[in-house]
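What follows is each chain in one-letter form.
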Amino acid sequence: QVQLVESGGGLVQAGGSLRLSCAASGSIFSIAVMGWYRQAPGKQRELVAGITRGSSTNYADAGKGRFTISTDNAKNTMYLQMNSLKPEDTAVYYCYAYILPGEYWGQGTQVTVSS
């Protein structure tokens, strides 16, 4: 049993920054991949950034150069630092984890970027 809880979303002006957090609890000794996805109204859920247990990272083009994914293993927490936010970044952001033997999702946190 694994729980993923996102926090840190909110309303921000274009050009501003937010840091999202995802706290993991439960049986999390076998994390293979964690990441952030987002879904805007009427749009498909899409990958934002991912990180492996070896700390290898990857970014979708939309956030590349503006977003940074990281983890604090002592706190069992993953972060997404988002800088230079644009109105098109507005979406619900979801925490994802592949923790053997299954995959898990958080409930999502709303990010709204005003123009």
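See the structure shown above.
Residues numbered from 1 in each chain as written. Predicted model: local features only at pLDDT ≥ 70, side-chain atom pairs only at ≥ 80, totals over all residues. Heavy atoms only, no water.

Enquirer: Whenever I open this one, the overall build of the chain confuses me. Can you help?
Expert: The secondary structure content of the chain amounts to 0 helices and 11 strands. Reading the chain from its N terminus to its C terminus gives the helix and strand order β-β-β-β-β-β-β-β-β-β-β. A compact globule built from 115 residues would reach a C-alpha radius of gyration of about 13 Å, and the chain, at 13 Å, matches this within 12%. In the chain, 53% of the contacts between residues at least 6 apart in sequence involve partners at least 24 apart. Of the roughly 6200 Å² of accessible surface on the chain, 49% is carried by carbon and sulfur atoms. The distance from the centre of the 9 positive side-chain charges to the centre of the 7 negative ones in the chain is 3 Å. (Helix = DSSP H or I, 4+ residues; strand = E, 2+ residues; numbered from the N terminus. Rg over C-alpha atoms; globule rule 2.2 N^0.38 Å. Contact = heavy atoms within 4.5 Å. Areas by Shrake-Rupley, 256 points an atom, 1.4 Å probe, with all protein chains shown as cover. Lys, Arg positive; Asp, Glu negative; His and termini not counted. Charge placed at Lys NZ, Arg CZ, Asp CG, Glu CD.)

Enquirer: Would you take a moment to explain the sheet that holds strand 1 (residues 2-7) for this structure?
Expert: Paired through their backbone hydrogen bonds, the strands of a sheet run either parallel or antiparallel. The strand order across the open sheet built from 4 strands is 1-3-8-7, with neighbouring strands paired in antiparallel fashion. Whereas interior strands pair on both sides, the edge strands pair on one side only; in this sheet they are strand 1 and strand 7 (67-72). If you compare each strand with its neighbour and ignore which way they point, the axes differ by 15 degrees on average. Examined bridge by bridge, strand 3 (residues 18-26) and strand 8 (residues 77-82) share 6 bridges and lie antiparallel to one another. Pairing of Leu 18 across the sheet is with Met 82, part of strand 8. (Pairing = 2+ DSSP bridges. Axes fitted to C-alpha atoms, helices over the stretch in contact; angles between N-to-C directions.)

Enquirer: I'm lost on the state of the cysteines in this one. Help?
Expert: A covalent bond bridging the sulfur atoms of two cysteines is what the word disulfide describes. Under the criterion given, the structure shown has 1 disulfide. At a sulfur-sulfur separation of 1.9 Å, the disulfide partner of Cys 22 is Cys 95. Around the S-S axis, the bridge from Cys 22 to Cys 95 shows a dihedral of about -75 degrees and counts as left-handed. Of this pair, Cys 22 sits in strand 3 while Cys 95 sits in strand 9 (residues 91-99), placing them 73 residues apart in sequence. (Disulfide = S-S within 2.5 Å.)

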